[in-house]
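Secondary and tertiary structure notes
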Amino acid sequence: MKRSRFSEEQIAYALRLAESGTPVVDVCRQLGLADAGAAAVTGAEVEACDDASLRELAVRVTAFARANPEHMLRLVRALQAEGQIVAMTGDGVNEARAGRCGSRWKNGI
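**A word on the overall build of the protein chain**
Helix and strand content of the protein chain: five helices and five strands. Reading the helices (α) and strands (β) of the protein chain from amino to carboxyl end gives β-α-β-α-α-β-α-β-α-β. Counting only residues that meet the buried cut, the protein chain has 36% of its 109 residues in that class. For the protein chain, the accessible surface area stands at approximately 6600 Å², while carbon and sulfur atoms represent 50% of it.

Okay, here's the thing in structure tokens:
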């Protein structure tokens, strides 16, 4: 995963979700969070991963697309299993389930 300008103690991992892969990867590139060759991992790919594979994927990938609430919950749990503190934001409809597993969650932007 490409590191931001923050140190590991501040922000090392971020989770980005979108309806379509191309826009979320473009935003990640513009923010310096993804390299030129980066691609989004889809919810279907998340679903196909076992827990160990998902843990590795979650810390390596910066863009996740077409992720439903169950995918988001698995991603949050995978990051937490790797010792990460997870923060989320959104309208609350899709994030509520993942927000209940101990992640820091903010309704709205």
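**What about the side chain of R74?**
Residue placement: R74 occurs in helix α4 (residues 69–81). The class of R74 is buried, set by a relative accessible area of 19%. Within the structure, R74 has its side chain in polar contact with the backbone oxygen of C49 (distance 2.9 Å). Among all residues touching R74, those that are not within four sequence positions of it are V46, E47, C49, D50, D51 and L54.

**Re the side chain of H71**
Take H71: it is sitting in helix α4. When its relative accessible area of 6% is taken as the criterion, H71 is described as buried. One polar contact links H71 to E47, side chain to side chain, over a distance of 3.0 Å.

**Examining the confidence of the model for the protein chain**
Regions with low pLDDT carry predicted coordinates that are not meant to be interpreted in detail. When pLDDT is averaged along the protein chain, the result is 76, and 64% of the positions lie at 70 or above. Mean pLDDT values for the elements of the protein chain range from 52 in strand β5 (residues 104–107) up to 94 in helix α2 (residues 43–48).

**A few points about the nonpolar core**
The biggest cluster of nonpolar side chains holds 17 residues, and the ones touching the most others in it are V41, V46, L54, L57, F64 and L75. Elements supplying a minimum of two residues to this core: α3 (51–60) and α4. For this core, the element with the most residues is α4, which contributes five residues. Excluding its chain neighbours within four sequence positions, the residues that come into contact with V46 are V41, L54, F64, H71, R74 and L75. With seven residues, the next largest nonpolar core counts V25, C28, L33 and A65 among its residues.

**A few points about the packing of α3 against α4**
Contact pair α3 / α4: the axes reach a minimum separation of 8 Å and the direction vectors enclose 80 degrees. In terms of axis orientation, α3 runs roughly perpendicular to α4. Listed contacts from α4 to D51, L54, R55, A58 and V59 of α3 are R74, L75, A78, L79 and A81. In terms of residue class, the contact of α3 with α4 is built from seven nonpolar, no polar and three charged.

**Observations concerning unusual backbone geometry**
Positive phi, close to 55 degrees, is recorded for R66, a residue that is not glycine. Relative to the assigned elements, R66 resides in the loop between β3 (63–65) and α4.

Criteria and thresholds
Residues numbered from 1 in each chain as written. Predicted model: local features only at pLDDT ≥ 70, side-chain atom pairs only at ≥ 80, totals over all residues. Heavy atoms only, no water. Helix = DSSP H or I, 4+ residues; strand = E, 2+ residues; numbered from the N terminus. Buried < 20%, exposed > 50% of the residue type's maximum accessible area, 1.4 Å probe, protein only. Areas by Shrake-Rupley, 256 points an atom, 1.4 Å probe, with all protein chains shown as cover. Polar contact = N/O pair within 3.5 Å; in protein donor to acceptor, adjacent residues only side chain to side chain. Contact = heavy atoms within 4.5 Å. pLDDT = per-residue confidence, 0-100. Core = buried A, V, L, I, M, F, W, Y, C linked by side-chain atoms within 4.5 Å. Axes fitted to C-alpha atoms, helices over the stretch in contact; angles between N-to-C directions. Parallel < 35°, antiparallel > 145°, perpendicular 65-115°, else oblique. Nonpolar A, V, L, I, M, F, W, Y, C, P; charged D, E, K, R; others polar.

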